[in-house]
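Structure at a glance
The residues making up each chain are set out below.
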Amino acid sequence: MKFRSKPLHRDVKRVREEQLKILMRYISREALQKHGVDTKLEDVLSEELKDPEKLASFAADMENFNFVATIMLATGMSREEIEELDEDTFWDLYEKSKEAIGGDVNHFFERYTGVSTSMKVK
C-alpha cells in the first residue's frame, strides 16, 4: 500500500463530501431555513444537538469519520473499501496514514486550510 504525504485533491473533496453527508443527517431543512445563509453550520448543529441521544450518535459518527477520512486522505481508498477491511488492517492503515499526513484528518485540514473537520458542540 502506498501512502501519500500530500493527498490528492479528489480525495480531499471526497472527504469534505463525506463530512457534509454526516452533517446533513443531523441538521433539518427547517433549521437551515430558520437560520439563513450567513449562519455557520456549527451554530445550527449546536442547536440541533440538544437531545443527548442525537448528540451521542453525532459524536460516534464524527469519531468514525475521523478514522476513515484519515485513511482516505493518505491512501486514496474509498469509504466502502475501508469499511471492508478487517479490524487489524484498519487500525494499522489508520496509524500509517496518520504518520504519512502528519496527524489525523483534523490536523491535516487545520494545517492546510485553517479549518478543522471536527464539529465540536458548544
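Relevant structure appears above.
Residues numbered from 1 in each chain as written. Predicted model: local features only at pLDDT ≥ 70, side-chain atom pairs only at ≥ 80, totals over all residues. Heavy atoms only, no water.

1. Side note on the overall build of the protein
The helix and strand inventory of the protein stands at seven helices and zero strands. Seen in sequence order, the protein has helices and strands lined up from the N terminus as α-α-α-α-α-α-α. By the compact-globule yardstick of 14 Å for 122 residues, the protein fits well, its C-alpha radius of gyration being 15 Å. In terms of overall dimensions, the protein has a C-alpha envelope of 45 × 30 × 20 Å along the principal axes. In the protein, which comprises 122 residues, the proportion classed as buried is 40%. Element-wise, carbon and sulfur atoms account for 51% of the exposed surface of the protein, whose accessible area totals about 7500 Å². (Helix = DSSP H or I, 4+ residues; strand = E, 2+ residues; numbered from the N terminus. Rg over C-alpha atoms; globule rule 2.2 N^0.38 Å. Buried < 20%, exposed > 50% of the residue type's maximum accessible area, 1.4 Å probe, protein only. Areas by Shrake-Rupley, 256 points an atom, 1.4 Å probe, with all protein chains shown as cover.)

2. So, a negative patch on the surface
Side chains of Glu80, Glu81, Glu83 and Glu84 sit close together on the surface and give a patch of like negative charge. The partly exposed category is assigned to Glu83, whose relative accessible area is 44%. (Patch = residues over 30% accessible without salt bridge, like charges linked within 9 Å, V, L, I, M, F, W, Y side chains within 5 Å. Salt bridge = Lys/Arg side-chain N within 4 Å of Asp/Glu carboxyl O. Lys, Arg positive; Asp, Glu negative; His and termini not counted. Charge placed at Lys NZ, Arg CZ, Asp CG, Glu CD.)

3. Here's the deal with the nonpolar core
Grouped together as the largest cluster of nonpolar side chains are 30 residues, with contacts concentrated most on Val15, Leu45, Phe58, Ile71, Leu73, Ile82 and Phe109. For this core, the elements supplying multiple residues, two or more each, are α1 (9-26), α3 (41-48), α4 (52-75), α6 (87-101) and α7 (105-113). Examining the composition of this core, we find that ten residues originate from one element, α4, more than from any other. Setting aside residues up to four positions removed in sequence, Ile71 forms contacts with Gly76, Met77, Ile82, Phe90, Leu93, Tyr94 and Ser97. (Core = buried A, V, L, I, M, F, W, Y, C linked by side-chain atoms within 4.5 Å. Contact = heavy atoms within 4.5 Å.)

4. Examining α4
Here α4 is 24 residues long and its end C-alpha atoms lie 35 Å apart, about the 34 Å a rise of 1.5 Å per residue gives. Phi turns positive one or two residues past the end of α4, at Gly76, with a value near 80°. (Expected span 1.5 Å × (residues − 1).)

Function cannot be read off these values alone, since they describe shape.
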